[in-house]
Amino acid sequence: MKIIGLGTDIVEVKRIQAFAQKPGALERIFSAQEIAYCRARKNEYQHLAVRFAAKEAVYKALPFAGIAFKKIQVVNLESGRPEVRVEDERCQGLCILISLSHTESYATAVAVVQQ
Ligand SMILES: CC(C)(COP(=O)(O)OP(=O)(O)OC[C@H]1O[C@@H](n2cnc3c(N)ncnc32)[C@H](O)[C@@H]1OP(=O)(O)O)[C@@H](O)C(=O)NCCC(=O)NCCS
């Protein structure tokens, strides 16, 4: 497999916190599983922010445009390692890797696409 795409993003946690106050906002972008994962943690908005950064990073790394953020989902393995699942036929045969990190103020993600 060779690398065909690379993407990164950085998000201010306080922006996601403000966004989350709007009714229905989170549900438009995040899956129920993503929201449940974040809500179960102490720093809910850091986890939401890093998932937003992950969606942006994957969007940038993919070789096509126009995919809805809700179709890009972060799931965590039992070890905590994050994986990305993209619901789109155009992703068949692609391997997408992500790495996430967050602090009180910022969340960042990197995505690599291999084919
Ligand atoms: C898991 C670990 C890598 C997370 O790093 P951190 O600096 O605490 O936190 P970060 O903000 O950088 O990263 C958090 C993200 O790492 C990701 N992550 C968690 N476990 C992971 C793992 N096993 N592999 C890869 N990524 C992982 C998750 O995406 C997590 O965010 P999320 O819960 O919102 O999905 C860290 O806690 C750890 O266990 N390090 C092992 C090394 C160690 O123990 N060093 C101490 C030596 S003295």
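What counts and what doesn't
- Residues numbered from 1 in each chain as written.
- Predicted model: local features only at pLDDT ≥ 70, side-chain atom pairs only at ≥ 80, totals over all residues.
- Heavy atoms only, no water.
- UniProt positions renumbered as here; feature names shortened; annotations may be inferred.
- Near = heavy atom within 4 Å.
- Polar contact = N/O pair within 3.5 Å; in protein donor to acceptor, adjacent residues only side chain to side chain.
- Helix = DSSP H or I, 4+ residues; strand = E, 2+ residues; numbered from the N terminus.
- Nonpolar A, V, L, I, M, F, W, Y, C, P; charged D, E, K, R; others polar.
- Phe/Tyr/Trp six-rings, centres within 6.5 Å; stacked < 30°, edge-to-face > 60°.
- Buried < 20%, exposed > 50% of the residue type's maximum accessible area, 1.4 Å probe, protein only.
- Lys NZ or Arg CZ within 6 Å of the ring centre and 35° of its normal.
- Pairing = 2+ DSSP bridges.
- Axes fitted to C-alpha atoms, helices over the stretch in contact; angles between N-to-C directions.
- Contact = heavy atoms within 4.5 Å.

Going by what an unreviewed UniProt entry lists, the chain is known as Holo-[acyl-carrier-protein] synthase and is assigned to Candidatus Avelusimicrobium gallicola. What UniProt states about the chain under its Function (unreviewed entry) heading is, verbatim, "Transfers the 4'-phosphopantetheine moiety from coenzyme A to a Ser of acyl-carrier-protein." For the record of the chain, the UniProt heading Catalytic activity (unreviewed entry) holds the text "apo-[ACP] + CoA = holo-[ACP] + adenosine 3',5'-bisphosphate + H(+)".

This part takes up the site of the ligand. Inspection of the region around the ligand gives Tyr37, His47, Val50, Arg51, Asn76, Ser79, Gly80, Arg81, Pro82, Leu100, Ser101 and His102 as its neighbouring residues. Between an oxygen atom of the ligand and a side-chain N or O atom of Asn76, the distance comes to 2.9 Å. Here a nitrogen atom of the ligand and a backbone polar atom of Gly80 are 3.4 Å apart. For the shell around the ligand, the secondary-structure elements that each account for two or more residues are α4 (44-61) and β4 (95-102). Its residues assigned to classes, the shell around the ligand shows four nonpolar, six polar and two charged.

Moving on, we come to the packing of aromatic side chains. Per the stated rule, a full pass over the model turns up two aromatic pairs. Centroid distance Phe52 to Phe69: 5.6 Å. Interplanar angle 75 degrees. Geometry classified as edge-to-face. Of the two residues, Phe52 sits in helix α4 while Phe69 sits in the loop between α4 and β2 (72-76), which places them 17 residues apart along the sequence. Arranged with centres 6.0 Å apart and planes meeting at 70 degrees, the rings of Tyr59 and Phe69 form a pair that is edge-to-face. Here Phe69 lies in the loop between α4 and β2 and Tyr59 lies in helix α4, a separation of 10 residues in the sequence. Residue Tyr59 is classed as partly exposed on the basis of its relative accessible area, which comes to 29%. Here the aromatic residues Phe52, Tyr59 and Phe69 are joined through ring pairs into a cluster of three or more. Over the face of the ring belonging to Tyr37 we find Arg41, whose NZ or CZ atom lies 3.6 Å from the ring centre.

All right, on to the UniProt feature "domain: 4'-phosphopantetheinyl transferase" (unreviewed entry) in the chain then. When the UniProt feature table is mapped onto this chain, "domain: 4'-phosphopantetheinyl transferase" (unreviewed entry) is found at residues 5-111. Taken end to end, residues 5-111 comprises 36% helix and 30% strand; its first and last C-alpha atoms sit 8 Å apart.

Strand order in this open sheet of three strands is β1-β5-β4, and the pairing throughout is antiparallel. Strands with a single pairing partner mark the edges of an open sheet, and in this sheet they are β1 (3-12) and β4. Neighbour to neighbour, the strand axes of the sheet diverge by 10 degrees on average, direction disregarded. Here eight bridges tie β4 to strand β5 (residues 106-114), and the two strands are oriented antiparallel to one another. When the bridges of β5 are listed, Ile98 appears paired with Ala111.

In this section: the packing of helix α3 (residues 32-39) against α4. Two elements in contact, α3 and α4, have axes whose closest approach is 7 Å; the angle formed by their N-to-C orientations is 145 degrees. On α4, the residues touching Glu34, Tyr37, Cys38 and Arg39 of α3 are Glu44, His47, Leu48, Arg51 and Lys55. For the contact of α3 with α4, the residue count by class is three nonpolar, one polar and five charged.

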